[in-house]
Amino acid sequence: MDKQTEFVLRSMEEREVRFVRLWFTDVLGFLKSVAISPADVGAAFEEGIGFDGSAIEGFARVYESDMIARPDPSTFQILPWRDQDKPTARMFCDIALPDGSPSYADPRYVLSRAVKRAAEQGYTFYTHPEIEFYLFVPPVNPPHPPTPLDNGGYFDHSSSKEGSDFRRRAISTLEQMGISVEFSHHEAGPGQYEIDLQYADALSTADNIMTFRVVIKEVAALYGMYASFMPKPLVDAPGSAMHTHMSLFEKDVNAFYDASDEYHLSRTGQQFVAGILAHAGEITAVTNQWVNSYSRLAYGAEAPAYVCWGRNNRSALVRVPGYKPNKGASVRVELRSIDTGANPYLAYALMLNAGLDGIAQSMDLPMGAEDDVWSLTDRERQAMGITPLPKSLDEALNLMEHSELVADTLGSHVFDYFLKNKRAEFEQYRRQVTPWELGELLTVL
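If you're wondering where the values come from, they're calculated on a predicted model, not measured in any experiment. Residue indices follow the written sequence of each chain, beginning from 1 at its first position. With the structure being a predicted model, the display of local features is reserved for residues of pLDDT at least 70 and the display and counting of side-chain atom pairs for 80 or more, all residues being used for whole-chain, interface and lining totals. Excluded from the side-chain calculation are hydrogens and water; included are all heavy atoms of the structure.

Another aspect to go through is the overall build of the protein. Elements are defined by DSSP. Helices are runs of H or I of four residues or more, strands are runs of E of two residues or more, and each kind is numbered from the N terminus. Helices and strands together make up the secondary structure of the protein, namely 14 helices and 19 strands. Computation of the radius of gyration draws on C-alpha atoms alone. For the globule rule, the value is 2.2 Å times the number of residues to the power 0.38. Compactness check: the protein gives a C-alpha radius of gyration of 22 Å against a globular reference of 22 Å for 445 residues, within 12% of the reference. In terms of its C-alpha atoms, the protein occupies a principal-axis envelope of roughly 65 × 55 × 50 Å. Residues classed as buried in the protein amount to 56% of the 445 residues present. If you take every contact in the protein between residues at least 6 apart in sequence, the share linking residues at least 24 apart comes to 71%. Using a 1.4 Å probe on the protein chains alone, a residue whose accessible area is under 20% of its type maximum counts as buried, one over 50% counts as exposed, and one in between counts as partly exposed. Throughout, a residue-residue contact means that at least one pair of heavy atoms, one from each residue, lies within 4.5 Å.

Structure representation (structure tokens):
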């Protein structure tokens, strides 16, 4: 028995834990959970917990449905919002087949496989997400527009006492679960907030994002609010992004840092960015996986719609933030297209492999864009070699379908299921008659 397993079993006994929730996600990124008693945790570590994989979106067909959930002891945490007299804990799981081999359908395994590939090349992949979301006043009754909690704007200090109290409680809860928070503030939209998580390895970050979503919704409910991670819930307000900062480290050395470069970005870092740009269209169906995601990308402002990079250019797809003097470890790159509706395991695996392909192919970084890309004409963008991101989920899926990198990263099972599921979503969306169409056309045609 390893030390982490011993720690979990001892902690459950000392804290008198009554239930343990085993968490994992389906292919689309929805959290799944099964509760077991503390008495069953030891067996779960040794043998796993069996379940019907055919009942989980994208996991298995009926005739190959038996699957095993194996808890990862390093992810053990007490859930602070539950009754502390009868504590409930949680652990993330790796999904396996009955023979013990990793499940091809497990999003956590998809990312683990990509991280392992990077490790074999000497790299550790670190990520830092800036997670935006909206708080609404109940009742929330789709398809009626929701009511934002406040009318605040970017960095407003006193936009809402309720919002400030919510953030304080949410951050405290995250920290109780071992998730470090770097910043929090009101965002540009009414009722829109942002909380930034500190840098961590990509797998830990993805686990933290899934926990973050649960915490935000649970704390919002405690305050009589509704939290939404929908990419674009309001027509005339910004969408919710999950800008992600990335860097590769070789042991304790930032592989993206070069003191002699104008931007302090090493050749490795430049090639990584070039890889992201080269594969941007192919991976967009995963980083922006909902039909609603493309309403955010069409909004303008700081939502990227074109494939380019720039230094401190928030209209660019990839941004190279300003270098902190004498802190080579802080050099990083930021992908700004990814939104809060993405499955972080799949998205981070693709972002990593796209960057690694740029390194493997020694790709050259094109000229950066320092102007507001939205303000340029199509001819000006074309002259600069700046191409558009997909304008719809359908267009993004067409690019993804022909991508060897996406197919190799996701594996055939996840790749095929994702395409099938998302094509069905788009076809259903195409059949809708929207309020805009009725308002514009019903009485004039």
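A word on helix α1 (residues 3-15). Relative to the 18 Å expected for 13 residues at 1.5 Å per residue, α1 spans 18 Å between its end C-alpha atoms, a close match to the ideal helical length. For α1, the full list of buried residues reads T5, V8, S11 and M12. With its buried residues spanning 130° around the axis, α1 presents them on a single face. Exposed positions of α1 whose direction lies more than 90 degrees from the buried face are K3, E13 and E14. In the core, the buried residues of α1 are packed alongside β1 (19-25), α2 (41-47) and β6 (88-96). We define a polar contact as two N or O atoms separated by no more than 3.5 Å, with the added condition that, inside protein, one atom must be a possible hydrogen donor and the other a possible acceptor, whereas residues neighbouring each other in sequence contribute only through side-chain atom pairs. N-cap assignment for α1: the residue whose side-chain oxygen lies 3.2 Å from the backbone N of Q4 is D2. Just past α1, the residue E16 takes up positive phi, approximately 55°. The span expected for a helix works out to 1.5 Å for each residue beyond the first. Think of it as the arc spanned by the lines of direction from the helix axis to the C-beta atoms.

We define a salt bridge as a side-chain nitrogen of Lys or Arg found within 4 Å of a carboxyl oxygen belonging to Asp or Glu. What the rule picks out here adds up to 15 salt bridges. Across the pair E14 and R10 runs a salt bridge, and its minimum N-O distance is 4.0 Å. Within this pair, E14 and its partner R10 are both found in helix α1, separated by four residues, close to a single helical turn. Accessibility expressed as a relative area gives 42% for R10, which makes it partly exposed.

As used here, the term nonpolar core means buried Ala, Val, Leu, Ile, Met, Phe, Trp, Tyr and Cys residues forming a set that is joined through side-chain atoms within 4.5 Å. Core analysis: the biggest nonpolar cluster contains 96 residues, and L248, F272, M400 and L410 have the highest contact counts within it. Sequence-distant contacts of L410, defined by excluding residues within four places in its chain, comprise Y104, V110, R113, V286, L346, L350, M400 and F415. Core analysis: the next-biggest nonpolar cluster, separate from the first, contains 24 residues, V20, F51, M67 and M91 among them.

Moving on, we come to the side chain of D357. With respect to the helices, strands and loops of the structure, D357 is situated in helix α9 (residues 344-360). When charges are counted, Lys and Arg are positive and Asp and Glu negative, with His and the chain ends excluded. R117 provides the closest opposite charge to the buried, unpaired D357, separated from it by 7.9 Å. Side-chain polar atoms of D357 contact the side chain of H279, separated by 2.7 Å.

Surface patches are drawn from residues lacking salt bridges whose relative accessible area is over 30%; two like charges belong together within 9 Å, two nonpolar side chains (Val, Leu, Ile, Met, Phe, Trp, Tyr) within 5 Å. The method behind every accessible area is Shrake-Rupley, applied with a 1.4 Å probe, and residues are considered shielded solely by the protein chains displayed. For the purpose of locating charges, the reference atoms are NZ of Lys, CZ of Arg, CG of Asp and CD of Glu. Together, E262, E370, D371, D372 and E380 give the surface a local cluster of negative charge. Structurally, the position occupied by E370 is in the loop between α9 and α10 (378-383). On the basis of relative accessible area, E370 is assigned to the partly exposed category, the value being 45%.

Between the rings of Phe, Tyr and Trp (Trp by its six-membered ring), a pair exists once the centres lie within 6.5 Å; its type follows the angle of the planes, with under 30 degrees stacked, over 60 edge-to-face, and the other angles tilted. All told, the structure shown has 15 aromatic pairs when counted by the stated rule. With centroids separated by 6.2 Å and ring planes inclined at 65°, the aromatic side chains of F212 and F229 adopt a geometry described as edge-to-face. Linking F212 in helix α5 (residues 202-222) with F229 in the loop between β12 (226-228) and β13 (242-250), this pair joins segments that are 17 residues apart in sequence. Neither residue differs from the other here; F212 and F229 are each classed as buried. Plain terms: the ring middles of F426 and Y429 are 6.1 Å apart, the flat faces sit at 45° to each other, and that makes the pair tilted. Of this pair, F426 and Y429 both sit in helix α13 (residues 412-430), three residues apart, which is roughly one turn of the helix. Over a ring means this: the NZ of a Lys or the CZ of an Arg is within 6 Å of the ring centre and within 35 degrees of the ring normal. Seen from the ring of W290, K422 lies directly overhead, with NZ or CZ sitting 3.3 Å from the centre.

Another point: the pairing of strand β2 (residues 31-36). Alignment of β1 against β2, held across six bridges, turns out to be antiparallel. The partner of T25 across the bridge, within β2, is L31. Strand pairing is assigned whenever DSSP identifies at least 2 bridges connecting the two strands. Linkage of β1 to β2, two consecutive antiparallel strands, is achieved through a turn of five residues, within which G29 is found at a positive phi near 100°.

Another aspect to go through is unusual backbone geometry. Of the consecutive residues P138 and P139, the connecting peptide bond is found in the cis state with omega at 0°. Positionally, P139 belongs in the loop between β7 (124-137) and β8 (147-148). Looking along the chain, the bond that leaves P142 and enters P143 is cis, with omega of 10°. Along the polypeptide, P143 turns up in the loop between β7 and β8. Not every positive phi belongs to a glycine, and E16 is a case in point at roughly 55°.

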